[in-house]
Amino acid sequence: MKVELQNLTKIFPSRNKKSGEEVVAVNDFTFTIPDGKLVGLLGPSGCGKSTTLYMISGLQKPSSGKIFFGEEDVTDLSPENRGVGLVFQNYALYPHLTVKQNILFPLQNLRGADKLAKEEMQERALEAARLVQIDELMDRKPSELSGGQQQRVAIARALVKMPRVLLLDEPLSNLDARLRLQTREEIRRIQKETGITTVFVTHDQEEAMSISDMIVVMKLGILQQIGKPQEIYDDPTNLFVAKFLGTPPINVFKGTVKDGQLYLGDAAVLDVNGVEDQDVTVGIRPEGFIPDANGKLVCKLNNVEVMGRDVSVVAEHPASLNPVVRSIINADYAIDNSAETVSYTLKPHKVFLFNSETEERIRYEVK
């Protein structure tokens, strides 16, 4: 089921009656979610991603704009008539019901032509439980389950209705690191098996990048960039997106372009043909550094952290806007931990220039 959002806006009234300033949670959001894809809504807390999800579900009504499921305008349709499955961050299971009863609950509330026979409800509940691999836990209460198992029950309950769209609101936030990894892989498997159009809300860029077909990056209710995870990582549209994606985070420097050369401090470190002379903000991905004794970028060496196949080099540079400059290099490079400095050449496709005022991307010819 294709989901289309047209100029979607959500404005909340001010809590401060004296100031009267309204809060724009989502601002003129336009985006099409392709049929059968898993799309990650990504951004920091307060960026409007959950509000967007709740408008898709029907739990919140847009201040303006339209929502379409396929060709059907569902903007004013009630949540129960939209055919969505919603999984909350806190699971929202009924503690007094068994796993089986929790999964059956949405089916038991169907009325009219949608009402199912008891045998069909039982069959669909078991099928949903098998899909999320909890069919052996059907007689347990939520209190007898681990966090990961409870989350699977919540997903099964959302899937049992055979929804047109599956909506997941930070479903992994309450799990430990190991369970998060396991559960996100399960979510991806389930989505692929069912082919249900899925929207996954998270503030964790690693989660979004690892399982999404596409990611939507938001900031203060405004859409920043849409694309495949790797494409956005390799080609950020502005400084916010560049800084939000990537672990370790991108290294940010204060730089200057002069006569087609990028200067960090007094050193010309890269050719940036076609860029006008100006002050710029420079982002360099951690993997964008090549150790080179003759390299023009010279940093004060702090530490070398061995990570197996890679080495993390922690250094300092006067032009850096981060406390440290962190590079990730192949362990085959021998870095002398006792040296005072480390020198680099840069990979041009891993170096991004941004307008120092607007923070929008400045593109240059990469040779």
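Look a little higher up for the structure.
Heads up: these notes are all about the structure in this document. All figures in this text were calculated on a predicted structure; none of them were measured in a lab.

**A look at the overall build of the chain**
- The secondary structure content of the chain amounts to eight helices and 21 strands.
- Overall, the chain is about 75 × 50 × 40 Å in size when its C-alpha atoms are taken along their principal axes.
- When the 367 residues of the chain are sorted by exposure, 48% land in the buried category.
- Just so you have it, the chain exposes about 18200 Å², and 47% of that area is on carbon and sulfur atoms.
- Computed over 43 positive and 50 negative side-chain charges, the separation of the two mean positions in the chain equals 6 Å.

**Remarks on the sheet that holds strand E6 (residues 84-87)**
- Taken in spatial order, the six strands of this open sheet run E6-E7-E8-E3-E9-E10, and their pairing is mixed. Each edge of the open sheet carries a strand with a single partner, namely E6 and strand E10 (222-227). Taken over all neighbouring pairs, the strand axes of this sheet differ in orientation by 15 degrees on average, direction set aside.
- With five bridges connecting them, strand E7 (residues 165-169) and strand E8 (residues 197-202) associate as parallel partners. From the neighbouring strand, Val 165 faces E8, where its bridge partner is Thr 197.
- Against the sheet, helix H1 (residues 49-57) makes contact with strand E3 (38-42), E6, E7, E8 and strand E9 (214-219), and its axis sits at roughly 150 degrees relative to E7, the strand it touches most.
- Sheet strands touched by helix H5 (residues 177-194): E3, E7 and E8. Its angle to E3, the strand with the most contacts, is close to 140 degrees.

**Focus: the environment of Asn 273**
- With respect to the helices and strands, the residue Asn 273 is situated in the loop between strand E13 (267-271) and strand E14 (278-284).
- Sequence-distant contacts of Asn 273, that is, excluding residues within four places in its chain, are made with Gly 260, Tyr 364, Glu 365 and Lys 367.

**Some points on unusual backbone geometry**
- Residue Pro 248 follows Thr 247 across a cis peptide bond; omega there is -5 degrees.
- For Pro 248, the position within the fold is in the loop between helix H8 (239-244) and strand E11 (251-258).
- Unlike most non-glycine residues, Asp 28 shows phi in positive territory, near 55 degrees.
- For Asp 28, the location among the structural elements is in strand E2 (residues 23-33).

**A word on helix H4 (residues 147-159)**
- Spanning 13 residues, H4 covers 19 Å between terminal C-alpha atoms, matching the ideal 18 Å at 1.5 Å per step.
- Burial analysis of H4 places 11 of its 13 residues in the buried class, the great majority of the element.
- Looking at the buried positions of H4, the neighbouring elements they touch are E6, helix H2 (99-108), helix H3 (118-131), E7 and H5.

**Concerning H2**
- Of the positions making up H2, those classed as buried are Val 99, Asn 102, Ile 103, Leu 104, Pro 106 and Leu 107.
- At its buried positions, H2 is contacted by H3 and H4.

**Considering the nonpolar core**
- In terms of nonpolar packing, the biggest core is built from 36 residues, with Ile 103, Ile 134, Leu 159 and Ile 187 touching the most fellow members.
- Ranked by residue count, the leading element in this core is H4, at six residues.
- When sequence neighbours within four positions are dropped, the list of residues in contact with Ile 103 reads Ala 125, Ala 128, Ala 129, Ile 134, Met 138, Val 153, Ala 156, Arg 157 and Val 160.
- Within the second largest apolar cluster, 29 residues are counted, among which are Leu 264, Ala 319, Val 342 and Tyr 344.

**A few points about the packing of aromatic side chains**
- Applying the stated criterion across every chain yields a total of four aromatic pairs.
- A ring pair is formed by Phe 29 and Phe 31, whose centres lie 6.4 Å apart and whose planes are at 85 degrees; its orientation type is edge-to-face. Each member of the pair, Phe 29 as well as Phe 31, carries the same accessibility label: buried.
- With a centroid separation of 5.6 Å and 20 degrees between ring planes, the pair formed by Phe 240 and Phe 244 is classed as stacked. Of this pair, Phe 240 and Phe 244 both sit in helix H8, four residues apart, which is roughly one turn of the helix. The same class applies to Phe 240 as to Phe 244, namely buried.

Calculation criteria
Residues numbered from 1 in each chain as written. Predicted model: local features only at pLDDT ≥ 70, side-chain atom pairs only at ≥ 80, totals over all residues. Heavy atoms only, no water. Helix = DSSP H or I, 4+ residues; strand = E, 2+ residues; numbered from the N terminus. Buried < 20%, exposed > 50% of the residue type's maximum accessible area, 1.4 Å probe, protein only. Areas by Shrake-Rupley, 256 points an atom, 1.4 Å probe, with all protein chains shown as cover. Lys, Arg positive; Asp, Glu negative; His and termini not counted. Charge placed at Lys NZ, Arg CZ, Asp CG, Glu CD. Pairing = 2+ DSSP bridges. Axes fitted to C-alpha atoms, helices over the stretch in contact; angles between N-to-C directions. Contact = heavy atoms within 4.5 Å. Expected span 1.5 Å × (residues − 1). Core = buried A, V, L, I, M, F, W, Y, C linked by side-chain atoms within 4.5 Å. Phe/Tyr/Trp six-rings, centres within 6.5 Å; stacked < 30°, edge-to-face > 60°.

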